[in-house]
Amino acid sequence: MKTTAGTLFFGFFFGFFMLLSFAPQGFSWERHESIMPWVISDLPPHLATVLGAPLGSLPSAQTNKAFYQNLAKTLTLNPGVVLAEPMPSPARPSELLTGSAIDEPDKGMDENLEASADPENMRQFMGGTQGVTSKGFRHMYFGGMKLGHPFATFQIPTHAVGLSPRRIASLSLEAKNLIKSGNIYWGTRILAWAMHLLQDLAQPFHAVQIPSLEMVPWGELFNWPPSKAFSTLVSETTRTISNYHWAYEDFTLLLIAQKDLRLSECLKEADKKKTVRDVPKNLDKDYPGQLALAVAQASTDLGSDLGKAELELFGKGLKFRGVDLPKNQGTPNYAELSIRPDLLDARQALLAVNCKALSNAIWASRGLIDWAFQP
Ligand SMILES: [Zn+2]
(Lines give C-alpha, C1' and ligand atoms only; values in the text may rest on other atoms or scores of the structure.)
Protein backbone atom coordinates (compact mmCIF):
# COMPACT_ATOMS: atom_id res chain seq x y z
CA MET A 1 0.00 0.00 0.00
CA LYS A 2 1.27 3.40 -0.89
CA THR A 3 1.76 5.53 2.20
CA THR A 4 0.82 9.08 1.53
CA ALA A 5 1.83 12.01 3.65
CA GLY A 6 -1.84 12.31 4.56
CA THR A 7 -2.16 8.81 6.00
CA LEU A 8 1.12 9.24 7.85
CA PHE A 9 -0.16 12.48 9.30
CA PHE A 10 -3.46 10.94 10.33
CA GLY A 11 -1.75 7.86 11.75
CA PHE A 12 0.53 10.03 13.79
CA PHE A 13 -2.30 12.11 15.18
CA PHE A 14 -4.42 9.12 15.95
CA GLY A 15 -1.59 7.33 17.73
CA PHE A 16 -0.71 10.42 19.65
CA PHE A 17 -4.18 11.00 21.01
CA MET A 18 -4.76 7.32 21.68
CA LEU A 19 -1.86 7.42 24.09
CA LEU A 20 -2.96 10.65 25.63
CA SER A 21 -4.80 9.25 28.60
CA PHE A 22 -6.07 12.63 29.34
CA ALA A 23 -5.67 13.20 33.02
CA PRO A 24 -6.13 16.77 34.09
CA GLN A 25 -5.42 17.03 37.76
CA GLY A 26 -7.28 20.22 38.40
CA PHE A 27 -10.93 19.60 38.73
CA SER A 28 -13.61 21.98 37.68
CA TRP A 29 -14.14 25.33 39.25
CA GLU A 30 -11.59 25.62 42.01
CA ARG A 31 -14.32 25.78 44.62
CA HIS A 32 -17.96 25.42 43.65
CA GLU A 33 -18.90 27.06 46.93
CA SER A 34 -17.75 30.36 45.46
CA ILE A 35 -20.41 30.19 42.71
CA MET A 36 -23.36 29.28 44.92
CA PRO A 37 -24.26 32.72 46.36
CA TRP A 38 -25.13 33.79 42.80
CA VAL A 39 -27.17 30.66 42.21
CA ILE A 40 -29.48 31.19 45.14
CA SER A 41 -29.84 34.96 44.81
CA ASP A 42 -32.81 36.20 42.81
CA LEU A 43 -34.70 32.92 42.92
CA PRO A 44 -38.40 33.05 42.08
CA PRO A 45 -40.53 33.47 45.25
CA HIS A 46 -41.82 29.89 45.36
CA LEU A 47 -38.24 28.55 45.44
CA ALA A 48 -37.02 31.16 47.89
CA THR A 49 -39.79 29.93 50.20
CA VAL A 50 -38.95 26.21 50.02
CA LEU A 51 -35.21 26.82 50.30
CA GLY A 52 -35.75 29.14 53.27
CA ALA A 53 -37.98 26.75 55.25
CA PRO A 54 -36.32 25.41 58.44
CA LEU A 55 -34.87 21.90 58.14
CA GLY A 56 -35.66 21.14 61.78
CA SER A 57 -33.41 18.81 63.73
CA LEU A 58 -30.57 17.43 61.63
CA PRO A 59 -29.72 13.72 61.31
CA SER A 60 -26.87 12.60 63.57
CA ALA A 61 -23.41 11.99 62.12
CA GLN A 62 -24.02 8.28 62.65
CA THR A 63 -27.28 8.34 60.69
CA ASN A 64 -25.59 10.25 57.89
CA LYS A 65 -22.79 7.71 57.72
CA ALA A 66 -25.27 4.86 57.38
CA PHE A 67 -27.25 6.83 54.80
CA TYR A 68 -24.14 7.33 52.70
CA GLN A 69 -23.29 3.63 52.92
CA ASN A 70 -26.67 2.84 51.49
CA LEU A 71 -26.26 5.44 48.73
CA ALA A 72 -22.87 3.98 47.90
CA LYS A 73 -24.70 0.81 46.88
CA THR A 74 -27.62 2.34 44.99
CA LEU A 75 -25.57 5.07 43.27
CA THR A 76 -22.28 3.10 42.94
CA LEU A 77 -20.17 5.49 45.00
CA ASN A 78 -16.91 4.64 46.73
CA PRO A 79 -18.05 3.01 50.02
CA GLY A 80 -14.70 3.71 51.71
CA VAL A 81 -15.26 7.45 51.80
CA VAL A 82 -16.28 9.08 55.06
CA LEU A 83 -17.86 12.43 54.30
CA ALA A 84 -17.43 15.24 56.80
CA GLU A 85 -20.63 16.75 58.14
CA PRO A 86 -21.70 19.70 55.93
CA MET A 87 -20.36 23.03 57.13
CA PRO A 88 -21.67 25.36 58.39
CA SER A 89 -24.34 23.27 60.06
CA PRO A 90 -27.35 24.01 57.83
CA ALA A 91 -30.59 25.33 59.31
CA ARG A 92 -32.41 25.43 55.94
CA PRO A 93 -31.96 23.95 52.44
CA SER A 94 -30.43 27.18 51.09
CA GLU A 95 -27.60 26.83 53.64
CA LEU A 96 -27.02 23.23 52.64
CA LEU A 97 -26.67 24.37 49.02
CA THR A 98 -24.29 27.25 49.77
CA GLY A 99 -22.16 25.30 52.28
CA SER A 100 -19.62 22.54 51.82
CA ALA A 101 -22.03 19.95 50.33
CA ILE A 102 -21.58 21.31 46.80
CA ASP A 103 -17.89 20.34 46.84
CA GLU A 104 -18.45 16.82 48.25
CA PRO A 105 -18.28 15.09 44.83
CA ASP A 106 -14.59 16.07 44.73
CA LYS A 107 -13.91 14.35 48.06
CA GLY A 108 -13.48 10.81 46.78
CA MET A 109 -16.96 9.36 46.22
CA ASP A 110 -16.31 8.92 42.47
CA GLU A 111 -12.69 7.77 42.76
CA ASN A 112 -11.05 4.31 42.73
CA LEU A 113 -14.30 2.63 41.76
CA GLU A 114 -14.78 -0.99 40.78
CA ALA A 115 -14.57 -1.82 37.06
CA SER A 116 -18.34 -2.46 37.07
CA ALA A 117 -18.88 1.30 37.55
CA ASP A 118 -17.25 1.90 34.18
CA PRO A 119 -18.61 -0.80 31.86
CA GLU A 120 -17.69 1.16 28.74
CA ASN A 121 -14.08 1.60 29.87
CA MET A 122 -14.12 5.36 29.64
CA ARG A 123 -11.63 5.95 32.43
CA GLN A 124 -8.73 5.00 30.18
CA PHE A 125 -9.34 8.24 28.26
CA MET A 126 -10.39 10.40 31.16
CA GLY A 127 -7.90 10.19 34.00
CA GLY A 128 -7.26 6.50 34.65
CA THR A 129 -8.79 4.12 37.19
CA GLN A 130 -6.93 5.13 40.34
CA GLY A 131 -6.28 8.27 42.33
CA VAL A 132 -7.88 11.71 42.27
CA THR A 133 -8.08 11.86 38.49
CA SER A 134 -10.09 8.62 38.34
CA LYS A 135 -13.30 10.56 38.97
CA GLY A 136 -12.87 12.33 35.63
CA PHE A 137 -15.22 10.05 33.71
CA ARG A 138 -18.14 11.17 35.91
CA HIS A 139 -17.16 14.84 36.04
CA MET A 140 -16.48 15.43 32.36
CA TYR A 141 -18.17 14.80 29.05
CA PHE A 142 -16.54 15.09 25.63
CA GLY A 143 -19.44 15.08 23.21
CA GLY A 144 -17.65 13.56 20.22
CA MET A 145 -15.84 14.94 17.22
CA LYS A 146 -17.93 16.91 14.74
CA LEU A 147 -16.75 16.79 11.15
CA GLY A 148 -17.98 20.33 10.55
CA HIS A 149 -15.64 21.60 13.32
CA PRO A 150 -12.76 19.12 13.37
CA PHE A 151 -10.29 21.35 15.24
CA ALA A 152 -12.66 22.78 17.82
CA THR A 153 -13.98 19.33 18.67
CA PHE A 154 -10.85 17.26 18.12
CA GLN A 155 -10.80 14.42 20.61
CA ILE A 156 -9.88 10.81 21.06
CA PRO A 157 -11.84 8.66 21.07
CA THR A 158 -13.88 10.44 18.42
CA HIS A 159 -17.20 9.29 19.90
CA ALA A 160 -18.77 10.80 23.01
CA VAL A 161 -17.13 9.79 26.31
CA GLY A 162 -17.93 10.64 29.90
CA LEU A 163 -20.82 9.65 32.15
CA SER A 164 -21.52 13.11 33.52
CA PRO A 165 -24.94 13.68 31.88
CA ARG A 166 -26.11 10.21 32.96
CA ARG A 167 -24.83 10.77 36.50
CA ILE A 168 -26.57 14.14 36.65
CA ALA A 169 -29.78 12.41 35.60
CA SER A 170 -29.59 9.67 38.23
CA LEU A 171 -28.45 11.90 41.11
CA SER A 172 -31.16 14.43 40.29
CA LEU A 173 -33.83 11.78 40.23
CA GLU A 174 -32.68 10.40 43.58
CA ALA A 175 -32.73 13.94 45.00
CA LYS A 176 -36.21 14.67 43.71
CA ASN A 177 -37.61 11.40 45.06
CA LEU A 178 -36.15 12.08 48.50
CA ILE A 179 -37.53 15.62 48.54
CA LYS A 180 -40.94 14.29 47.51
CA SER A 181 -40.84 11.71 50.29
CA GLY A 182 -40.09 14.44 52.83
CA ASN A 183 -36.36 13.83 53.32
CA ILE A 184 -35.48 17.41 52.45
CA TYR A 185 -32.07 17.18 54.11
CA TRP A 186 -30.68 14.33 52.00
CA GLY A 187 -32.68 15.33 48.93
CA THR A 188 -31.05 18.77 48.96
CA ARG A 189 -27.60 17.35 49.71
CA ILE A 190 -27.74 14.99 46.72
CA LEU A 191 -29.18 17.80 44.62
CA ALA A 192 -25.99 19.72 45.47
CA TRP A 193 -23.95 16.78 44.14
CA ALA A 194 -25.90 16.75 40.86
CA MET A 195 -25.45 20.51 40.64
CA HIS A 196 -21.70 20.11 41.17
CA LEU A 197 -21.48 17.88 38.11
CA LEU A 198 -23.62 20.28 36.11
CA GLN A 199 -21.35 23.20 37.06
CA ASP A 200 -18.33 21.10 36.10
CA LEU A 201 -19.77 20.75 32.60
CA ALA A 202 -20.06 24.53 32.35
CA GLN A 203 -16.24 24.69 32.64
CA PRO A 204 -15.07 24.35 29.03
CA PHE A 205 -12.10 22.14 30.00
CA HIS A 206 -14.65 19.53 31.12
CA ALA A 207 -16.29 19.45 27.70
CA VAL A 208 -13.36 19.99 25.32
CA GLN A 209 -10.27 17.81 25.43
CA ILE A 210 -7.90 20.35 23.87
CA PRO A 211 -9.20 23.94 23.69
CA SER A 212 -6.32 25.03 21.45
CA LEU A 213 -3.80 22.95 19.50
CA GLU A 214 -1.30 25.68 20.40
CA MET A 215 -1.36 24.36 23.96
CA VAL A 216 0.38 21.21 22.72
CA PRO A 217 4.21 21.40 23.13
CA TRP A 218 5.00 20.34 19.56
CA GLY A 219 8.71 21.11 20.09
CA GLU A 220 9.00 17.77 21.95
CA LEU A 221 8.75 16.07 18.57
CA PHE A 222 12.30 17.09 17.75
CA ASN A 223 13.78 15.06 20.58
CA TRP A 224 15.97 12.09 19.74
CA PRO A 225 15.35 9.15 19.33
CA PRO A 226 11.91 9.54 17.68
CA SER A 227 10.31 6.77 19.78
CA LYS A 228 11.15 8.69 22.92
CA ALA A 229 10.04 11.97 21.35
CA PHE A 230 6.60 10.53 20.81
CA SER A 231 6.03 9.30 24.36
CA THR A 232 7.42 12.55 25.74
CA LEU A 233 4.99 14.52 23.61
CA VAL A 234 2.12 12.52 25.08
CA SER A 235 3.10 13.04 28.70
CA GLU A 236 4.08 16.65 28.10
CA THR A 237 0.73 17.44 26.47
CA THR A 238 -1.11 16.03 29.45
CA ARG A 239 1.01 18.31 31.63
CA THR A 240 0.56 21.47 29.55
CA ILE A 241 -3.21 21.07 29.13
CA SER A 242 -3.47 20.50 32.89
CA ASN A 243 -1.51 23.73 33.41
CA TYR A 244 -3.95 25.77 31.32
CA HIS A 245 -6.85 24.03 33.04
CA TRP A 246 -5.49 24.99 36.46
CA ALA A 247 -4.49 28.50 35.48
CA TYR A 248 -8.00 29.17 34.20
CA GLU A 249 -9.60 28.00 37.43
CA ASP A 250 -7.12 29.73 39.72
CA PHE A 251 -7.48 32.99 37.83
CA THR A 252 -11.28 32.71 37.92
CA LEU A 253 -11.20 32.08 41.67
CA LEU A 254 -9.01 35.17 42.09
CA LEU A 255 -11.49 37.30 40.13
CA ILE A 256 -14.31 36.02 42.31
CA ALA A 257 -12.29 36.57 45.51
CA GLN A 258 -11.35 40.09 44.37
CA LYS A 259 -15.04 40.69 43.75
CA ASP A 260 -14.15 41.77 40.23
CA LEU A 261 -16.79 44.30 39.34
CA ARG A 262 -17.22 43.38 35.69
CA LEU A 263 -17.60 39.73 36.56
CA SER A 264 -20.10 40.32 39.33
CA GLU A 265 -22.05 42.76 37.18
CA CYS A 266 -22.24 40.07 34.52
CA LEU A 267 -23.25 37.31 36.92
CA LYS A 268 -26.08 39.36 38.34
CA GLU A 269 -27.60 39.00 34.89
CA ALA A 270 -26.68 35.34 34.43
CA ASP A 271 -30.08 34.52 32.93
CA LYS A 272 -29.40 37.01 30.13
CA LYS A 273 -25.68 36.32 29.69
CA LYS A 274 -25.89 32.53 29.47
CA THR A 275 -25.13 30.94 26.14
CA VAL A 276 -26.67 27.54 26.87
CA ARG A 277 -29.87 26.96 24.94
CA ASP A 278 -33.19 26.79 26.75
CA VAL A 279 -34.32 23.34 27.77
CA PRO A 280 -38.08 22.68 27.96
CA LYS A 281 -39.22 22.29 31.56
CA ASN A 282 -41.91 19.77 30.64
CA LEU A 283 -39.39 17.03 29.89
CA ASP A 284 -40.11 15.52 33.29
CA LYS A 285 -37.56 12.81 34.14
CA ASP A 286 -35.45 13.66 31.09
CA TYR A 287 -34.92 17.28 32.07
CA PRO A 288 -31.65 16.94 34.09
CA GLY A 289 -29.92 14.81 31.43
CA GLN A 290 -31.00 17.11 28.60
CA LEU A 291 -29.94 20.15 30.61
CA ALA A 292 -26.52 18.55 31.10
CA LEU A 293 -26.10 17.93 27.37
CA ALA A 294 -27.12 21.50 26.58
CA VAL A 295 -24.55 22.85 29.06
CA ALA A 296 -21.82 20.61 27.63
CA GLN A 297 -22.62 21.85 24.12
CA ALA A 298 -22.42 25.48 25.24
CA SER A 299 -19.02 24.76 26.82
CA THR A 300 -17.76 23.12 23.64
CA ASP A 301 -18.77 26.24 21.77
CA LEU A 302 -16.74 28.37 24.22
CA GLY A 303 -13.63 26.16 24.02
CA SER A 304 -11.70 27.88 21.26
CA ASP A 305 -12.37 31.40 22.62
CA LEU A 306 -11.11 30.22 25.99
CA GLY A 307 -8.00 28.69 24.40
CA LYS A 308 -7.19 31.93 22.57
CA ALA A 309 -7.79 34.13 25.61
CA GLU A 310 -5.64 31.97 27.87
CA LEU A 311 -2.74 31.90 25.44
CA GLU A 312 -2.83 35.69 25.33
CA LEU A 313 -3.07 36.14 29.09
CA PHE A 314 -0.80 33.40 30.40
CA GLY A 315 1.34 33.20 27.27
CA LYS A 316 3.21 30.11 26.22
CA GLY A 317 5.12 29.97 29.53
CA LEU A 318 2.77 27.29 30.82
CA LYS A 319 4.26 25.00 28.19
CA PHE A 320 7.83 25.49 29.45
CA ARG A 321 9.58 22.42 30.78
CA GLY A 322 9.21 21.94 34.51
CA VAL A 323 6.10 24.10 34.78
CA ASP A 324 3.59 21.92 36.59
CA LEU A 325 0.85 23.85 38.35
CA PRO A 326 -0.73 20.85 40.12
CA LYS A 327 2.68 20.32 41.73
CA ASN A 328 3.07 24.02 42.55
CA GLN A 329 5.88 24.44 40.05
CA GLY A 330 5.93 27.63 38.01
CA THR A 331 2.61 29.00 39.23
CA PRO A 332 2.00 32.34 37.47
CA ASN A 333 1.70 35.51 39.49
CA TYR A 334 -2.07 35.82 39.09
CA ALA A 335 -2.30 39.02 41.12
CA GLU A 336 0.12 40.70 38.72
CA LEU A 337 -1.63 39.29 35.65
CA SER A 338 -4.89 40.68 36.98
CA ILE A 339 -3.61 44.29 36.86
CA ARG A 340 -0.85 44.51 34.22
CA PRO A 341 -1.87 47.33 31.83
CA ASP A 342 -0.49 45.63 28.71
CA LEU A 343 -2.73 42.59 29.30
CA LEU A 344 -5.99 44.49 29.40
CA ASP A 345 -7.29 43.05 26.11
CA ALA A 346 -6.37 39.51 27.09
CA ARG A 347 -8.11 39.89 30.46
CA GLN A 348 -11.20 41.21 28.77
CA ALA A 349 -11.26 38.30 26.38
CA LEU A 350 -10.95 35.83 29.27
CA LEU A 351 -13.56 37.70 31.24
CA ALA A 352 -15.97 37.50 28.32
CA VAL A 353 -15.60 33.69 28.32
CA ASN A 354 -15.91 33.58 32.11
CA CYS A 355 -19.04 35.66 32.06
CA LYS A 356 -20.70 33.19 29.69
CA ALA A 357 -19.38 29.99 31.28
CA LEU A 358 -20.28 30.99 34.83
CA SER A 359 -23.66 32.33 33.70
CA ASN A 360 -24.30 28.93 32.15
CA ALA A 361 -23.37 27.26 35.46
CA ILE A 362 -25.63 29.56 37.46
CA TRP A 363 -28.60 29.42 35.11
CA ALA A 364 -28.47 25.63 34.81
CA SER A 365 -28.11 25.19 38.58
CA ARG A 366 -31.25 27.24 39.13
CA GLY A 367 -33.08 25.16 36.54
CA LEU A 368 -32.14 22.00 38.41
CA ILE A 369 -33.28 23.37 41.77
CA ASP A 370 -36.58 24.37 40.22
CA TRP A 371 -37.04 20.92 38.69
CA ALA A 372 -36.11 19.06 41.89
CA PHE A 373 -38.52 21.00 44.10
CA GLN A 374 -41.44 20.82 41.68
CA PRO A 375 -44.13 18.55 43.11
ZN1 LIG B 1 -15.92 17.95 40.03
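Residues numbered from 1 in each chain as written. Predicted model: local features only at pLDDT ≥ 70, side-chain atom pairs only at ≥ 80, totals over all residues.

Along the backbone of the chain there are 14 helices and 0 strands. Listed N to C, the secondary structure of the chain is α-α-α-α-α-α-α-α-α-α-α-α-α-α in terms of helices and strands. A compact globule built from 375 residues should have a C-alpha radius of gyration of about 21 Å, and the chain, at 21 Å, falls within 12% of that. Counting only residues that meet the buried cut, the chain has 42% of its 375 residues in that class. A separation of at least 24 residues holds for 75% of the contacts in the chain among residues at least 6 apart in sequence. (Helix = DSSP H or I, 4+ residues; strand = E, 2+ residues; numbered from the N terminus. Rg over C-alpha atoms; globule rule 2.2 N^0.38 Å. Buried ≥ 20, exposed ≤ 12 C-beta atoms within 10 Å, placed from the backbone. Contact = placed C-beta atoms within 7 Å.)

Helix length check: helix H8 (residues 184-201), at 18 residues, gives a terminal C-alpha distance of 26 Å against a target of 26 Å (1.5 Å per residue), a fit within 8%. With 18 of 18 residues buried, H8 is to be regarded as a mostly interior element. (Expected span 1.5 Å × (residues − 1).)

This brings us to the confidence of the model for the chain. Chain-level statistics for the chain give a pLDDT mean of 88 and a share of 92% at 70 or above. Put simply, helix H1 (residues 5-19) is where the chain has its lowest mean pLDDT, 42, and helix H7 (residues 164-180) is where it has its highest, 98. Ignoring residues within four places in sequence, the model shows residues 1-27, a span with pLDDT below 50, making 37 contacts including any to other chains. (pLDDT = per-residue confidence, 0-100.)

All right, on to unusual backbone geometry then. Cis peptide bonds are those with omega within 30 degrees of zero, and the linkage from Met87 to Pro88 qualifies with -15°. Take Pro88: it is sitting in the loop between helix H4 (61-74) and helix H5 (93-98). Here the amide bond leading from Trp224 into Pro225 is cis, since omega sits at -5°, within 30 degrees of zero. A positive phi is found at Lys259, a non-glycine position, where the angle reads about 55°. Within the secondary structure, Lys259 is located in the loop between helix H9 (226-257) and helix H10 (261-268). What makes Lys259 exposed here is the crowd of 8 C-beta atoms within 10 Å. Phi is positive for Asp284, close to 60°, though the residue is something other than glycine. With respect to the helices and strands, the residue Asp284 is situated in the loop between helix H11 (270-273) and helix H12 (287-314).

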